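# Overview (structure and organization)
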Amino acid sequence: MLPAISRDEVLGTRVIPVIGDSVVHVGRGLLDKIPSFLLSQEGPVSKASVFVVVSDDNVFSIYGRRLLDAFKSVGMAEEGSDSESSGASKRVMRVTVPAGEGSKCREMKAKIEDAMLAARCKRDTVVVALGGGVVGDLAGFCAATYMRGVPVVQIPTSVMAMVDSSVGGKTAINVPAGKNLVGAFHQPRFVFADMELLKSLSPREIAEGLAESVKMGCIRDSELFDLMEQQPEGILSLQSPWIERVIFLSVAHKAMVVSIDPHEHGLRAILNFGHTVGHAVEAKLSPQLLHGECVSVGSVVEAELARRLGRVSHEDVLRITDCLRAFGLPTQMPKGLELGALMQKMAVDKKNVGNMIRCTMLTSIGTSVDDAVPVDRKLMEQVVNDALQKSTPATLAAGEPNKAKKQKT
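Conventions adopted
- Residues numbered from 1 in each chain as written.
- Predicted model: local features only at pLDDT ≥ 70, side-chain atom pairs only at ≥ 80, totals over all residues.
- Heavy atoms only, no water.
- Helix = DSSP H or I, 4+ residues; strand = E, 2+ residues; numbered from the N terminus.
- Rg over C-alpha atoms; globule rule 2.2 N^0.38 Å.
- Buried < 20%, exposed > 50% of the residue type's maximum accessible area, 1.4 Å probe, protein only.
- Contact = heavy atoms within 4.5 Å.
- Areas by Shrake-Rupley, 256 points an atom, 1.4 Å probe, with all protein chains shown as cover.
- Pairing = 2+ DSSP bridges.
- Axes fitted to C-alpha atoms, helices over the stretch in contact; angles between N-to-C directions.
- Core = buried A, V, L, I, M, F, W, Y, C linked by side-chain atoms within 4.5 Å.
- Parallel < 35°, antiparallel > 145°, perpendicular 65-115°, else oblique.
- Left-handed = near helix turned anticlockwise from the far one by under 90°.
- Nonpolar A, V, L, I, M, F, W, Y, C, P; charged D, E, K, R; others polar.
- Salt bridge = Lys/Arg side-chain N within 4 Å of Asp/Glu carboxyl O.
- Polar contact = N/O pair within 3.5 Å; in protein donor to acceptor, adjacent residues only side chain to side chain.

### A closer look at the overall build of the chain
Counting its secondary structure elements, the chain contains 16 helices and 15 strands. Computed over C-alpha atoms, the radius of gyration of the chain comes to 21 Å, within 12% of the 22 Å expected from 2.2 N^0.38 for 409 residues, which places it in the range of a compact globule. When its C-alpha atoms are laid out on the principal axes, the chain stretches across 70 × 45 × 35 Å. Put simply, the chain has 409 residues, and 58% of those count as buried. By sequence separation, contacts in the chain at least 24 residues apart represent 74% of the contacts at least 6 residues apart. When the accessible surface of the chain is summed, it comes to about 16400 Å², and 51% of that surface belongs to carbon and sulfur atoms.

Structure representation (structure tokens):
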């Protein structure tokens, strides 16, 4: 079952409830309307005196000024320019970080916090994350800990952030021991999934985000999987209604899972299908391979694991592989990886209990076991080793659909 969906007539969006007062708005042409909408809502967001826009250098150069001007158009003063003389009761300020996974670190978190402290931000502050998954996770973690917690609003600018990282309240930074190992659960008050913001993405960036939607189809929704299997070119080119449908269903399913298990004690672990192996690959090959590309590889390996355990058919594994390939995503282990190193990374996965590796287990395309399943280490080693024997160079043209697979109409 999907959560109860409503419509917001002001924004023209479909509204998906997540948990508590956290909601996701899915629509088009939202960016310029967000500040006035926020001020029209009840609660701490509209009462805030400072809005801190956190972005990366690349995204800010495209969308940042538009968003700041939209805040100024509703009577806010921009910090550092006219805030002292304007007499405005509300301020907007910006903090930018370098683009890329390297900014998801302790140093950049401290940079944002120090900027907020220098600007005298108190508890009546809202953090606005404008960017992809790195910015969303980093800004969300800052909001979770600043003054023991202030509201955060997410404006994702990538497919990956829209369908996955901006929804559900997971925030974190990376540390030398691994990805996302220091963080907090902090639900965003609002998430605005604006399809227009995806137009600045490269085909590769679109495709890597769609890996998470294929994942969602695998674990929760065979109809979503069928749609992606049948319309890869339309989805990749951001055509309506295909891209809206994929984003909407991906978010709605994640919202339902999060509402049942907000802190990942059980059901929410199914969202990590493809991630046990994928995170291990990513730890070795990032930034050469993007997160979604690593999840794509991991999804094929973990589908094969499910097949060897008698959970899914060989045909299911082939369909998953072909669907990912249709989006130009990698489906084979890249060359140069070593079994021991991958197993060592999998051993510190957050889903594990004790020394037991646990994986999301498919039972068919569209269904999965409602918790991560312990996997015999020898079997996991065998499946991963067999995948390594079929490895290919880690070069690809992600986002170029596989023309051999005819698009259905």
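Read on for the rest.
### Considerations on the sheet that holds strand S1 (residues 6–8)
Hydrogen bonding along the main chain pairs the strands of a sheet, whether they run parallel or antiparallel. One open sheet holds the nine strands; their spatial order is S1-S2-S3-S11-S8-S7-S4-S6-S5, and the pairing between them is mixed. In this open sheet, the two edge strands, each paired with only one partner strand, are S1 and strand S5 (77–78). The sheet contact formed by strand S3 (residues 23–27) and strand S11 (residues 190–194) spans five bridges and is parallel. Considered in S11, the bridge of Val26 is made with Ala193. Along the sheet, helix H5 (residues 106–118) makes contact with strand S4 (50–56), strand S6 (91–97) and strand S7 (125–131), crossing S6 at roughly 160°.

### Side note on the nonpolar core
Counting 79 residues, the largest nonpolar core has Leu210 and Met333 as its most contacted members. If you tally residues by element for this core, the top one is helix H11 (residues 242–260), at ten residues. Residues within four places of Leu210 in sequence aside, it is in contact with Val159, Met228, Ile235, Leu236, Ile243, Val246 and Phe327. If you look at the next biggest cluster of nonpolar residues, it comprises 28 residues, including Leu11, Val15, Phe51 and Val126.

### Section: the pairing of S11
Most of S11 sits out of view: five of its five residues are buried. The side-chain alternation of S11 yields two buried faces, one formed by Phe190, Phe192 and Asp194 and the other by Val191 and Ala193. The pairing of strand S8 (residues 152–156) with S11 spans two bridges and is classified as parallel. In the strand pairing of S11, Gln154 is matched with Val191.

### Notes on the packing of helix H12 (residues 275–285) against helix H13 (residues 291–308)
The interhelical angle for the contact between H12 and H13, taken along N-to-C directions, is 135°, at an axis separation of 7 Å. Comparing their axes, H13 and H12 come out oblique. The handedness of the crossing between H12 and H13 is right-handed. Residues His275, Thr276, Val277, Gly278, His279, Val281 and Glu282 of H12 touch H13, and the partners they reach there are His291, Cys294, Val295, Gly298, Val301 and Glu302. Looking at the contact of H12 with H13 residue by residue, the classes come out as five nonpolar, six polar and two charged.

### Some words on the pattern of salt bridges
One pass over the structure, following the stated rule, counts 24 salt bridges. Measuring nitrogen to oxygen at the nearest pair gives 2.6 Å for the salt bridge that ties Arg91 to Glu79. Placement of Arg91 in strand S6 and of Glu79 in the loop between S5 and helix H4 (83–86) is noted, with a sequence separation of twelve residues between them. On the basis of relative accessible area, Arg91 is assigned to the buried category, the value being 14%. The exposure class of Glu79 is partly exposed, given its relative accessible area of 23%.

### Describing unusual backbone geometry
Going from Ser240 to Pro241, the amide bond is cis rather than trans, its omega being 0°. Relative to the helices and strands, Pro241 resides in the loop between helix H10 (232–236) and H11. Here the residue pair Ser286 and Pro287 is connected by a cis peptide bond, since its omega of 5° sits within 30 degrees of zero. Considering the arrangement of structural elements, one finds Pro287 in the loop between H12 and H13. We note that Arg148 has phi near 65°; this positive angle belongs to a residue other than glycine.

### Some thoughts on the packing of H12 against helix H15 (residues 339–346)
Two elements in contact, H12 and H15, have axes separated by 9 Å at closest approach and are oriented at 120°. Every pair of crossing elements has a handedness; the one defined by H12 and H15 is right-handed. Of the residues in H15, those touching H12 at Thr276, Val277, Ala280, Val281, Ala283 and Lys284 are Ala341, Leu342, Lys345 and Met346. In terms of residue class, the contact of H12 with H15 is built from seven nonpolar, one polar and two charged.

### Some remarks on the environment of Gly278
Counting through the fold element by element, Gly278 comes out in helix H12. Classification of Gly278 as buried rests on a relative accessible area of 1%. Residues Gly278 and Val26, spaced 252 residues apart in sequence, show a C-alpha to C-alpha distance of 28 Å. The contact partners of Gly278, leaving out residues within four places of it in the chain, are Cys294, Val295, Gly298 and Glu302.

### Some words on helix H9 (residues 222–230)
Those residues of H9 that fall on the buried side of the exposure criterion are Leu224, Phe225, Leu227, Met228 and Glu229. At the N-terminal boundary of H9, the capping side chain belongs to Asp221, with an oxygen 2.9 Å from the backbone nitrogen of Glu223.

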